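Understanding the architecture of this molecule
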Amino acid sequence: MKQMVEHYTAKWKLECSEYTFSNLLMWGCGGNIMLAEDEQALYILLHWGNERFMFAPLTVEPESEYYQTALDKAAEYMRSNCIPPVFKGISGPIKAAFERCTGYELTEDRNNSDYVYTMESLRDLAGKKLHAKRNHINRFMENNPSWTYEEITPETLPAGLEMDKEWYRRSMVREGLAEERDLGDEGRALRLAMEHYHELGLEGGLIRVYGEVVAFTMGDRLNSDTYDVHFEKAYG
């Protein structure tokens with residue numbers, strides 16, 4: 001399955017994190033995501049809450065004239081299954097492919113946009129926009145002078161999982177049942193990521209205070225110049 005997905009994603013230089021195999025596996029573990037292919041394209045159908053929609057199809061070659069055909073086939077499948085013909089996850093080269101096609105209208109979906117930072121901005125945390133992050137880090141270091149950082153390894157994965165269980169318990173107390181589904185979906189995705197950490201090529205790090213894990217993060221490379229952070233957890 002990983003080989004099949006990456007056969008299509010390899011040449012696109014995607015800027016949208018949803019198309020990585022790791023994301024498709026983690027968030028599709030409950031049957032939320034279905035994949036199919038024909039002779040020239042990959043199709044991704046999602047069932048998320050009360051919504052059903054598709055990601056944009058991916059042809060083997062980004063410039064392929066088959067893209068119009070792939071779009072039309074996907075839209076017809078949705079209509080024949082009583083699904084509104086809506087495609088999501090459209091940016092960068094996929095947006096360019098859509099713009100070459102006819103019969104479709106693009107609208108901005110700000111609520112599902114990715115947060116993109118440059119390496120320099122996260123390293124230096126300069127300027128007003130990142131002032132809150134800088135203050136948060138300084139406050140943590142002042143309050144926890146004994147903190148330590150270490151890379152996630154097979155030996156430390158269980159400690160990260162235990163921290164997530166406690167984080168989930170605290171979040172449920174704070175947020176209540178209204179957030180139960182979203183928190184549960186994220187928990188299942190995280191556990192699957194930890195179970196297949198090395199097979200998925202994930203990397204990560206954790207922070208301890210007095211030996212206890214209080215924060216961790218993990219992700220993987222999206223393309224040649226972009227890193228995709230899948231999870232960030234820390235006690236509030």
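Refer to the preceding data block for the structure.
A brief look at the structure comes next. (Residues numbered from 1 in each chain as written. Predicted model: local features only at pLDDT ≥ 70, side-chain atom pairs only at ≥ 80, totals over all residues. Heavy atoms only, no water.)

Our focus in this paragraph is the pairing of strand β8 (residues 212–223). The side chains of a regular strand alternate between both faces of the sheet. Most of β8 is tucked away, with 9 of its 12 residues classed as buried. Inspection of the sheet shows strand β7 (residues 203–209) paired to β8 by 7 bridges, in the antiparallel sense. For glycine 205, the partnering residue across the bridge sits in β8 and is threonine 217. Where β7 folds back on β8, the antiparallel hairpin that results is connected by 2 residues, among which tyrosine 210 adopts a positive phi of roughly 50°. (Buried < 20%, exposed > 50% of the residue type's maximum accessible area, 1.4 Å probe, protein only. Helix = DSSP H or I, 4+ residues; strand = E, 2+ residues; numbered from the N terminus. Pairing = 2+ DSSP bridges.)

Counted by the stated rule, this structure contains 15 salt bridges. The salt bridge partner of glutamate 61 is lysine 11, with a shortest N-O separation of 2.5 Å. You can see glutamate 61 sitting in the loop between β4 (58–59) and α3 (66–80) and its partner lysine 11 sitting in the loop between α1 (2–9) and α2 (21–27), a full 50 residues away along the chain. Judged by relative accessible area, which is 38%, glutamate 61 ranks as partly exposed. Lysine 233 is paired through a salt bridge with aspartate 164; the nearest N and O atoms lie 2.5 Å apart. Pair noted here: lysine 233 is in strand β9 (residues 226–234) and aspartate 164 is in helix α7 (residues 157–175), with a separation of 69 residues, a long-range link. Comparing lysine 233 with aspartate 164 shows no difference in burial state: the two are buried. By sharing partners, the salt bridges in this structure join Asp164, Glu186 and Lys233 into a single network. (Salt bridge = Lys/Arg side-chain N within 4 Å of Asp/Glu carboxyl O.)

Turning our attention to the side chain of asparagine 223. Structurally, the position occupied by asparagine 223 is in strand β8. Using a relative accessible area of 13% as the deciding quantity, one classes asparagine 223 as buried. For asparagine 223, the side chain forms a polar contact with the main-chain oxygen of leucine 14, separated by 2.7 Å. A distance of 2.9 Å separates a polar atom in the side chain of asparagine 223 from the backbone nitrogen of threonine 226. Other than its neighbours up to four places away in sequence, asparagine 223 contacts Lys13, Leu14 and Glu15. (Polar contact = N/O pair within 3.5 Å; in protein donor to acceptor, adjacent residues only side chain to side chain. Contact = heavy atoms within 4.5 Å.)

Another point: α7. Helix length check: α7, at 19 residues, gives a terminal C-alpha distance of 26 Å against a target of 27 Å (1.5 Å per residue), a fit within 8%. Those residues of α7 not exposed but buried are Leu157, Gly160, Met163, Asp164, Trp167, Ser171 and Met172. (Expected span 1.5 Å × (residues − 1).)

Okay, a nonpolar patch on the surface next. A cluster of nonpolar side chains, contributed by Ile137, Met141, Trp147 and Tyr149, occupies part of the molecular surface with about 390 Å² of accessible area. For tryptophan 147, the position within the fold is in the loop between α6 (131–143) and β6 (148–151). (Patch = residues over 30% accessible without salt bridge, like charges linked within 9 Å, V, L, I, M, F, W, Y side chains within 5 Å. Areas by Shrake-Rupley, 256 points an atom, 1.4 Å probe, with all protein chains shown as cover.)

With that settled, consider the environment of tyrosine 67. Tracing the backbone shows tyrosine 67 in helix α3. You can call tyrosine 67 buried: its relative accessible area is 1%. Every residue in contact with tyrosine 67, bar those within four places of it in the chain, is listed here: Trp12, Ala56, Pro57, Thr59, Ile94, Ala97, Phe98 and Cys101. Of note is the side chain of tyrosine 67, whose polar atom sits 2.8 Å from the backbone oxygen of proline 57.

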